[in-house]
Number of protein chains: 2
Amino acid sequence: MAASTSTSKPSPERIFNTMIAFQETEALKAAIELDIFTAIADGADTGALLAAKTGAAERGVRILCDFLTIREFLAKKGTRYSLTQESAVFLNRHSPACLSSMLDFLASPWSRKNFAGLTEAVRKGGTANTTGDHTKPHEDVWVNFARSMAPLTMPMAEFIAELTGAAEGRPCKVLDIAAGHGMYGITVAMRNPNAHVVALDWPAVLEVAKENAAKFRVAGRHTTKPGSAFETDLGDGYDFVLLTNILHHFDIPTCEKLMRRVHAALKPEGKAITLEFVPNEDRVTPPMAAAFSLVMLAGTDAGDAYTYAQYEKMFRNSGFAKTTLHPVPEMPQQVLVSEK
Amino acid sequence: MAASTSTSKPSPERIFNTMIAFQETEALKAAIELDIFTAIADGADTGALLAAKTGAAERGVRILCDFLTIREFLAKKGTRYSLTQESAVFLNRHSPACLSSMLDFLASPWSRKNFAGLTEAVRKGGTANTTGDHTKPHEDVWVNFARSMAPLTMPMAEFIAELTGAAEGRPCKVLDIAAGHGMYGITVAMRNPNAHVVALDWPAVLEVAKENAAKFRVAGRHTTKPGSAFETDLGDGYDFVLLTNILHHFDIPTCEKLMRRVHAALKPEGKAITLEFVPNEDRVTPPMAAAFSLVMLAGTDAGDAYTYAQYEKMFRNSGFAKTTLHPVPEMPQQVLVSEK
């Protein structure tokens, strides 16, 4: 898609392409569902070979692969398709960095329903869906999240593990709130053999975290605490409490309520580590962090992407003495480290 | 959205953005439904003023307008929003070039359903929807088309009127097949006071064409012929038969069947004028024409975006002696002129 800017001659092309942008999601979804990228990686590189491999019609595969070529997810030479570098790394299921599963959450029926009600959400100032209070369990949504969204977490999880000083291997106790797939806490445990992690989430979600703890061989130092972060006894004496992608779900008083509980659960020199989309004060930069606000409008009653100033104030109101901001290299999210 | 290419360091950003591309359509849809662009044009340029004007929540409007700013459909300075040049021309309902209505067709429930079944369509080699045989009437779909899609037709309609030599004002008889909103035939009639146009389409669709013929003051030289282009008596002695965006709906034998009827309806020196998305032989360039093939896979049993060689052969098989290709300046479509 050619993106025209406001300084060039106005063209309807970008508006037209936005009106049909949903087609882009569907095309990638079809390719992932038919596992076209892996099939090409395995050598099925023509319409006929891909049709044989995927069980799809040659005509259908040809048209889909041409579209993926136009969008630069594939390359085409004569009648042969090949993976771009991007697709080879991120869309081929043989690749350890494959993130195809993320589509199951990002374009899930729940997520689409949230956005299908966007006009109404703008009118109300909060989601038009019935699942907007994220202090309540919506286990099917979050099990899907836990099963789908692990792939992109690793760079951020490694960054957070470093911030805990994991390499030094000092004994430490970590609470992973709204653990989901559990990979943030699990990564701390992987990098620090003396870390013990308590993962908190809804019961069905914790099953996914437990599977991952076993898969990454830290199950002996990974326990679970089922329930609500607002009601369950969090325990105490933690060196670190991880709050990864949770605060954006709530309004400010609810965030403060949670952070006061976190403050109480930390030992005196303990730290809260928050991973978030943090837009600048203008709320329109940087693009990915700022755009996340719309996802919260569409899907929650009162969540938002908060600025650093907003977080700093929330954390101060919750008893934290000092909060510093740490951009994650090459990722759209940032980490806030709060000291008691 | 930053578009990375296969030569730069692979980044998951473009894949991630494609997984959530449907959100772009919903954001633009919400803005159009709440008529945010027109409200800003009318001076409601802050969240508070926009909320008052549109009846939406200030928080909802703020988040939506920030998102539209990130996507460069708006500009923001402090708390004030303004239209970009593009939005002022194409999304403000006061602008004669406003194309907001196109969303009603391009992102209609029918179009979304076609794409929701894309995986199955690839498997089958044709749409998974029940409306894929476009030789049959699906009047609700095409009435919606006729009511929504007129805005972008004018540059192409003017180009076609020129190809008919409209400015010379010679008496001529024009058949407008699958007329839809009727604007192609109507434009010929507007530019040539001696042209008589017969518009053919399903009965309910022709009501829209009739409204437009009256609106543009050519009703006296604009008659209608309700029914199927494959079955209705087309009449004869036409100087021009217009086939705008119809042939892509069908397979090649069906196109040839229609073109033989067109050939018979033309007078000896008459011409068929076909407007189409015509990809190059590689079927992946130019992008908009080549990408249209996917829309046909998603929505029709056997339609496609055909190459010039394919059209030339179809037209030859249908009795036409010669076909020439005429790109429409600055538009993604091309015109094929076929002589008997």
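Things to note about the packing of aromatic side chains
Residues and elements named next belong to chain A. In total, this model carries 22 aromatic pairs over all chains according to the counting rule given. Summarising the aromatic geometry, the rings of Phe105 and Phe145 are spaced 5.0 Å apart at their centres and angled 90° between planes, so their arrangement reads as edge-to-face. You can see Phe105 sitting in helix α7 (residues 102-106) and its partner Phe145 sitting in helix α10 (residues 139-148), a full 40 residues away along the chain. For the ring pair Tyr311 and Phe315, a centre distance of 5.6 Å and an interplane angle of 35° mean the geometry is tilted. Placement of both Tyr311 and Phe315 in helix α16 (residues 308-317) is noted, with a separation of 4 residues, approximately one turn of the helix. Taking the relative accessible area as the measure of exposure, Phe315 reaches 0% and is therefore buried.

Some remarks on the sheet that holds strand β6 (residues 238-244) of chain A
Residues and elements named next belong to chain A. Pairing in this open sheet of 7 strands is mixed, and the strands run β5-β4-β3-β6-β7-β9-β8 from one edge to the other. The sheet terminates laterally at β5 (222-226) and β8 (322-327), the two strands that pair on one side only. Adjacent strand axes in the sheet meet at a mean angle of 20° when their direction is disregarded. Inspection of the sheet shows strand β3 (residues 172-177) paired to strand β4 (residues 195-201) by 6 bridges, in the parallel sense. The partner of Cys172 across the bridge, within β4, is Ala195. Packed onto the sheet, α16 meets β7 (266-276), β8 and β9 (334-339) and runs at close to 145° relative to β8.

Focus on the packing of helix α14 (residues 252-265) of chain B against helix α16 (residues 308-317) of chain B
Residue and element names in this part refer to chain B. Here α14 crosses α16 at 50°, and the two axes come no closer than 8 Å. Classified by the angle their axes make, α14 and α16 are oblique. Where α14 crosses over α16, the two elements pack in a sense that is right-handed. Only Gln310, Lys313, Met314, Phe315 and Asn317 of α16 make contact with α14, whose side of the interface consists of Ile252, Cys255, Glu256, Met259 and Arg260. A breakdown of the residues in the contact of α14 with α16 according to their chemical character gives 5 nonpolar, 2 polar and 3 charged.

So, the interface of chain B and chain A
On the chain A side, the residues contacting the 84 residues of chain B number 84 residues. Taking both partners together, chain B and chain A bury about 7,400 Å²; carbon and sulfur atoms supply 68% of that area. At the surface where chain B touches chain A, the tally comes to 6 salt bridges. Note that Arg62 of chain B and Asp304 of chain A form a salt bridge whose closest N and O atoms lie 2.8 Å from each other. Counting the contacts that link chain B with chain A gives 26 residue pairs in polar contact (both at pLDDT 80 or more). When contributions to the side of chain B that touches chain A are tallied by element, the ones reaching two or more residues are α1 (13-19), α2 (22-33), α5 (58-70), α6 (85-90), α7 (102-106), α8 (109-116), α9 (118-124) and α15 (287-299) of chain B. Considering every element that reaches the side of chain B that touches chain A, the biggest residue donor is α2 of chain B, with 11 residues. Of the residues in the side of chain B that touches chain A, the class split is 43 nonpolar, 19 polar and 22 charged.

A closer look at the relation of the copies chain B and chain A
Expressed as a screw transformation, the operator carrying chain B onto chain A has a rotation angle of 180° and an axial translation of 0.0 Å, and the superposed copies differ by an RMSD of 0.1 Å. Those values place the two copies in the arrangement expected of a two-fold rotation axis. Among all residues of chain B, the minimum C-alpha distance to the rotation axis is found for Phe22 of chain B, at 1.9 Å. Interface residue correspondence from chain B to chain A reaches 100%, placing this contact among same-surface, isologous pairings.

Some thoughts on the nonpolar core
If you look at the biggest cluster of nonpolar residues, it comprises 162 residues, and the most contacted ones within it are Phe37, Leu64 and Leu118 of chain A together with Leu64 and Leu118 of chain B. Contacts of Leu118 of chain B, omitting those with residues within four sequence positions, involve Glu26, Ala27 and Ala30 of chain A together with Leu294, Leu297 and Ala298 of chain B.

Considerations on the side chain of Glu26 of chain A
Within the element layout of this structure, Glu26 of chain A appears in helix α2 (residues 22-33). On the basis of relative accessibility, which here comes to 6%, the residue Glu26 of chain A falls in the buried class. Apart from residues lying up to four places away in sequence, Glu26 of chain A is in contact with Arg112 of chain A together with Phe115, Ala116 and Leu118 of chain B.

Remarks on the pattern of salt bridges
Pairs can form between side chains of opposite charge once their charged atoms are near each other. All names here are of chain A. Counted by the stated rule, this structure contains 40 salt bridges over all chains. For Arg80, the salt bridge is made with Asp45, and the minimal N-O distance between the two is 2.8 Å. Of the two residues, Arg80 is situated in strand β2 (residues 80-83) and Asp45 in the loop between α3 (36-41) and α4 (47-54); the sequence distance between them amounts to 35 residues. Notably, a salt bridge pairs Asp66 with Lys76, separated by 2.8 Å at the nearest N-O pair. Here Asp66 is found in helix α5 (residues 58-70), whereas its partner Lys76 is found in strand β1 (residues 74-77), with 10 residues between them in sequence.

A few points about helix α11 (residues 154-163) of chain A
Because the α-helix completes a turn every 3.6 residues, residues three or four places apart line up on one side. Residue and element names in this part refer to chain A. All of the buried residues in α11 are Met156, Ala157, Phe159, Ile160 and Ala161. On its buried face, α11 is in contact with α12 (183-191), β6, β7, β8 and β9. Phi turns positive, to about 70°, at Gly165, one or two residues after α11.

Notes on the pairing of β4 of chain A
Residue and element names in this part refer to chain A. Within β4, 6 of the 7 residues are buried, leaving the element largely enclosed by the surrounding structure. In this view, the connection linking β3 to its parallel neighbour β4 by way of α12 has right-handed handedness. Direction of pairing for β4 relative to β5: parallel, over a ladder of 5 bridges. When the sheet's bridge partners are listed, Val197 is paired in β5 with His222. Where the polypeptide runs from β4 across helix α13 (residues 203-215) and back to β5, its parallel neighbour, the crossover connection is right-handed.

A look at the sheet that holds strand β3 (residues 172-177) of chain B
Residues and elements named next belong to chain B. Read across the open sheet, the 7 strands follow the order β5-β4-β3-β6-β7-β9-β8; overall the sheet is mixed. At either end of the open sheet lies a strand with only one pairing partner, and these are β5 (222-226) and β8 (322-327). Mean inter-strand twist for the sheet, computed between neighbouring axes without regard to direction, equals 20°. Of the strands in this sheet, β4 (195-201) and β5 touch helix α13 (residues 203-215), which is tilted by about 175° from β5. Running at roughly 145° to β8, α16 makes contact with β7 (266-276), β8 and β9 (334-339) of the sheet.

Points about the side chain of Thr119 of chain B
Mapped onto the elements, Thr119 of chain B comes out in helix α9. Note on Thr119 of chain B: relative accessible area 9%, which makes it buried. Contacts of Thr119 of chain B, omitting those with residues within four sequence positions, involve Lys29, Ala30, Glu33 and Leu34 of chain A.

What counts, and where the lines are drawn
- Residues numbered from 1 in each chain as written.
- Chains lettered and ligands numbered in written order.
- Predicted model: local features only at pLDDT ≥ 70, side-chain atom pairs only at ≥ 80, totals over all residues.
- Heavy atoms only, no water.
- Phe/Tyr/Trp six-rings, centres within 6.5 Å; stacked < 30°, edge-to-face > 60°.
- Helix = DSSP H or I, 4+ residues; strand = E, 2+ residues; numbered from the N terminus.
- Buried < 20%, exposed > 50% of the residue type's maximum accessible area, 1.4 Å probe, protein only.
- Pairing = 2+ DSSP bridges.
- Axes fitted to C-alpha atoms, helices over the stretch in contact; angles between N-to-C directions.
- Contact = heavy atoms within 4.5 Å.
- Parallel < 35°, antiparallel > 145°, perpendicular 65-115°, else oblique.
- Left-handed = near helix turned anticlockwise from the far one by under 90°.
- Nonpolar A, V, L, I, M, F, W, Y, C, P; charged D, E, K, R; others polar.
- Buried area = accessible area lost by both parts, 1.4 Å probe.
- Salt bridge = Lys/Arg side-chain N within 4 Å of Asp/Glu carboxyl O.
- Polar contact = N/O pair within 3.5 Å; in protein donor to acceptor, adjacent residues only side chain to side chain.
- Least-squares fit on C-alpha atoms with pLDDT ≥ 70 in both.
- Core = buried A, V, L, I, M, F, W, Y, C linked by side-chain atoms within 4.5 Å.
- Right-handed = clockwise from strand over helix to strand, strands pointing away.

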